[in-house]
Amino acid sequence: MKIAILLPENAGTGWRWRAQKLAAALLREKCPTGRPIEVAIGLPRTDETTWRRQEAELLEGAPGAVVRHLGWERAPIDMAQRMFPDCRFELEMVPDCALPRDWGWNFVDCDAWIVFAASGQGAVFHIKPTAYYVQDLAERYVPQAFAPDVHSIYWVRQAHAFRSMRQARAVFVSDASTADDVSGYAGVRRSRILQTPQLLPPFTQKRRAPNSERQTLLWLVEPNAQHDLVNALEGLRIYQAEGGTFDVIVAGEGAYAFDPIEGQLALADVPTRSRRPTTTMQFETISGEADLQRVIARSDFIWSSALAQAENDGLLRAAAAELPFIGLRYPQNEHLADNLGVPSVLYDRSEATLIADALATAEQEGAPALPRRSASTKDESDGWRPLIESLWGGGIA
């Protein structure tokens, strides 16, 4: 049985490590006949040097997988139906769909597809038995981070994406609250929603700088409304004005947009006073796993100002690196921190004063000594069997 893992068009570091870990988990399993599972990862096209680096990154953690170039191409629905007349797929009133290309077999040599769900990509035409992996549906809670207004094409594409998700063999999530969103917001039947093990990012080896007396706070952030930059920066300003001494590193794929040297493109809506902390920050733009690992290795705390990330990357990175976490209190964050045993300081609302208090509390309590994470993690459990069986459907060779 060969399974394709298809990444979305804009597959950042967070998507890529999940593809790597999922591929590794599937390669450890067998299909219902007892034969091994093969995995082909569709990695979106970019310049060749970057693509090869990302390919090597994926294969480092899933050496048995194959990585292929992936291009998502839009096609009219009637054309897709003529090309694949045996596909039982109803998308009435949907004008077009996305088809994966690899300039070879176009993944039709695979027995099943796992699509990493990105609502803005629209409907995907299910040529093969298909399952969707949904990290979260944060657009339900922070719509302004995804589109400027209700008339944006994003929401049309989202509706089309939900139509295809409802016809998939399965939609799998790692959290019960996300399952509720997939059912209540995307309209997927409960019987098709699977809760699978939480994938965990690569482990980070701690490398403390010699003779370092000040603690380092790593702020994992991207320049969009999902991370509430106005309140986060004002909270950081208050914390520093009241004597807070964390050395702060800003890290993310868009971290350059916070840098005064780069013009602070992301901070146009942030009051000038609230930008003061940026004059003393370090900025690390992340292009891949190795970049992020090096930054985490010199940190003592991880902070995420995300407003609605069910699989909060900051919290998952804190678990992998055995570091304490600071972030907003919401059900998924609390559940994840509790399940993974991550010491956390959570603030009740994304308000500047509460953020400042949380940062001060974390500094005062210090970084606790955490036990070494067991080599046997949840993503290595037997919890992938229901997903494989749903894709198998009794008829795949």
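Predicted model, so just to flag it, every value in this text is computed and none were measured.

Definitions and limits used
The residue numbers shown here count from 1 along each chain, following its written sequence. Restriction of local features to residues with pLDDT of at least 70 applies here, the model being predicted, together with a cutoff of 80 or more for giving and counting side-chain atom pairs; totals for whole chains, interfaces and linings are based on all residues. Hydrogens and water are ignored here; the side-chain numbers use all heavy atoms of the structure. The numbering of helices and of strands both runs from the N terminus, where a helix is a DSSP run of H or I of at least 4 residues and a strand a run of E of at least 2. Helix span, expected: 1.5 Å multiplied by one less than the number of residues in the helix. Buried means the residue's accessible area, taken with a 1.4 Å probe over protein chains only, is under 20% of the maximum for its type, while exposed means over 50%, and partly exposed covers the values in between. A fitted line through C-alpha atoms represents every axis, and for helices the fit uses only the stretch in contact; the resulting angles, taken between N-to-C directions, go from 0 to 180 degrees. Each angle receives one of four descriptions, namely roughly parallel if under 35 degrees, roughly antiparallel if over 145, roughly perpendicular if within 65 to 115, and oblique otherwise. Note on definitions: a residue-residue contact is assigned when non-hydrogen atoms from the two residues lie within 4.5 Å. Gly counts as polar in this scheme, as do all residues outside two lists: the nonpolar Ala, Val, Leu, Ile, Met, Phe, Trp, Tyr, Cys and Pro, and the charged Asp, Glu, Lys and Arg. Counted as a polar contact is a pair of N or O atoms within 3.5 Å, where, for protein atoms, one must be capable of donating a hydrogen and the other of accepting one, and residues adjacent in sequence contribute only when both atoms are in side chains. Paired strands, as defined in this entry, are two strands with at least two bridges between them according to DSSP. When the strands point away from the viewer, a crossover counts as right-handed if the route from the first strand across the helix to the second turns clockwise. What makes a salt bridge here is a side-chain nitrogen of Lys or Arg within 4 Å of a carboxyl oxygen of Asp or Glu, nothing more. What pLDDT reports is the predictor's confidence in each residue, on a scale of 0 through 100. Any two rings among Phe, Tyr and Trp, with Trp reduced to its six-membered ring, count as a pair given centres within 6.5 Å; such a pair is stacked if its planes are under 30 degrees apart, edge-to-face if over 60, and tilted if neither.

This part covers helix α4 (residues 153–166). Here α4 spans 20 Å end to end across 14 residues, near enough to the 20 Å set by a 1.5 Å rise per residue. Among the residues of α4, those classed as buried are Tyr154, Trp155, Gln158, His160, Ala161, Phe162, Ser164 and Met165.

Two numbers describe how helix α8 (residues 313–321) lies on helix α9 (residues 331–340): the axes approach to 10 Å, and their chain directions differ by 10°. Judged by the inter-axis angle, α8 sits roughly parallel to α9. Facing α8, whose interface residues are Leu315, Leu316 and Ala319, α9 presents Asn333, Leu336, Ala337 and Leu340. Of the residues in the contact of α8 with α9, the class split is six nonpolar, one polar and no charged.

Before going further, it helps to spend a moment on the environment of Arg16. Counting through the fold element by element, Arg16 comes out in helix α1 (residues 13–27). You can call Arg16 buried: its relative accessible area is 4%. Here Arg16 is in contact with Leu7, Ala11, Leu43, Gln54, Glu57, Leu58, Ser287 and Gly288, once residues within four sequence places are set aside. A distance of 3.3 Å separates a polar atom in the side chain of Arg16 from a polar atom in the side chain of Glu57.

On to the sheet that holds strand β7 (residues 170–173). The strands making up a sheet associate through backbone hydrogen bonding, with each pair oriented either parallel or antiparallel. Here eight strands make up an open sheet; going across it, the order is β4-β3-β2-β1-β5-β6-β7-β8 and the pairing mixed. Edge positions in the open sheet fall to β4 (96–101) and β8 (193–195), since each of these has one partner strand only. Across this sheet, the average inter-strand angle for adjacent strands is 30°, counted without regard to direction. Its contacts with the sheet place α1 against β1 (2–6), β2 (38–44), β5 (112–116), β6 (130–133) and β7, and it is angled at close to 170° to β2. Packing of helix α11 (residues 385–392) onto the sheet brings it into contact with β1, β5, β6, β7 and β8, and relative to β5 it is tilted by some 125°.

On any regular strand, side chains alternate: one points to one face of the sheet, the next to the other face. With five of five residues buried, strand β9 (residues 216–220) lies mostly within the body of the structure. With burial as the criterion, each face of β9 is covered, one bearing Thr216, Leu218 and Leu220 and the other bearing Leu217 and Trp219. For the crossover from β9 across helix α6 (residues 229–241) to strand β10 (residues 247–252), the handedness is right-handed. Across four bridges, the pairing between β9 and strand β12 (residues 301–304) is parallel. In the sheet register, Leu218 faces β12, and the bridge partner there is Ile302.

Judged by pairing direction, the sheet is parallel, and its six strands sit side by side in the order β11-β10-β9-β12-β13-β14 without closing on themselves. Of all strands in the sheet, those bounded by a partner on one side alone are β11 (282–285) and β14 (344–347). Each neighbouring strand pair of the sheet contributes to a mean axis angle of 20°, computed without reference to strand direction. Running over the sheet, α8 touches β9, β12 and β13 (325–328) and is turned about 165° from β12. Along the sheet, helix α10 (residues 352–365) makes contact with β9, β12, β13 and β14, crossing β14 at roughly 165°.

This paragraph deals with the pattern of salt bridges. Using the criterion set out here, one finds 22 salt bridges in the structure. A salt bridge links Arg18 to Glu311; the shortest N-O distance between them is 2.8 Å. Of the two residues, Arg18 sits in helix α1 while Glu311 sits in the loop between β12 and α8, which places them 293 residues apart along the sequence. Exposure remark for Arg18: the relative accessible area of 0% places this residue in the buried category. For Glu311, a relative accessible area of 1% puts it in the buried group. Between Arg52 and Glu48 there is a salt bridge, and its shortest N-O distance comes to 2.8 Å. Note that Arg52 and Glu48 are positioned in helix α2 (residues 48–61) at a spacing of four residues, about one turn of the helix. Where salt bridges share partners, they join Lys2, Arg68, Asp102 and Asp109 into one cluster.

Counting all residues, the mean pLDDT for the protein chain is 90, and 93% of those residues have values of 70 or more. In this model, residues 372–379 is a region of pLDDT below 50 whose contacts with residues beyond four sequence positions or in other chains number 22 contacts.

Time to look at the side chain of Ser390. Considering the arrangement of structural elements, one finds Ser390 in helix α11. Its relative accessible area of 18% is what places Ser390 among the buried residues. Discounting chain neighbours no more than four positions away, the residues touching Ser390 are Arg169, Ala170 and Leu194.

Checked against the element boundaries, Ala98 lands in strand β4. Judged by relative accessible area, Ala98 falls into the buried class, the value being 1%. Taking the C-alpha atoms as reference points, Ala98 and Ser350, separated by 252 residues in sequence, lie 37 Å from one another. Sequence-distant contacts of Ala98, defined by excluding residues within four places in its chain, comprise Trp72, Glu73, Arg74, Gln121, Ala123, Val124 and Phe125.

Before going further, it helps to examine the packing of aromatic side chains. Counted by the stated rule, this structure contains 13 aromatic pairs. Here Phe162 and Tyr185 contribute two aromatic rings whose centre-to-centre distance is 5.4 Å and whose plane-to-plane angle is 75°, an arrangement assigned as edge-to-face. Residue Phe162 is found in helix α4, and its partner Tyr185 is found in the loop between α5 (176–184) and β8; the two are separated by 23 residues along the sequence. By the ring-pair criterion, three or more aromatic residues cluster together here, those being Trp15, Phe116, Tyr133, Phe172 and Trp384.

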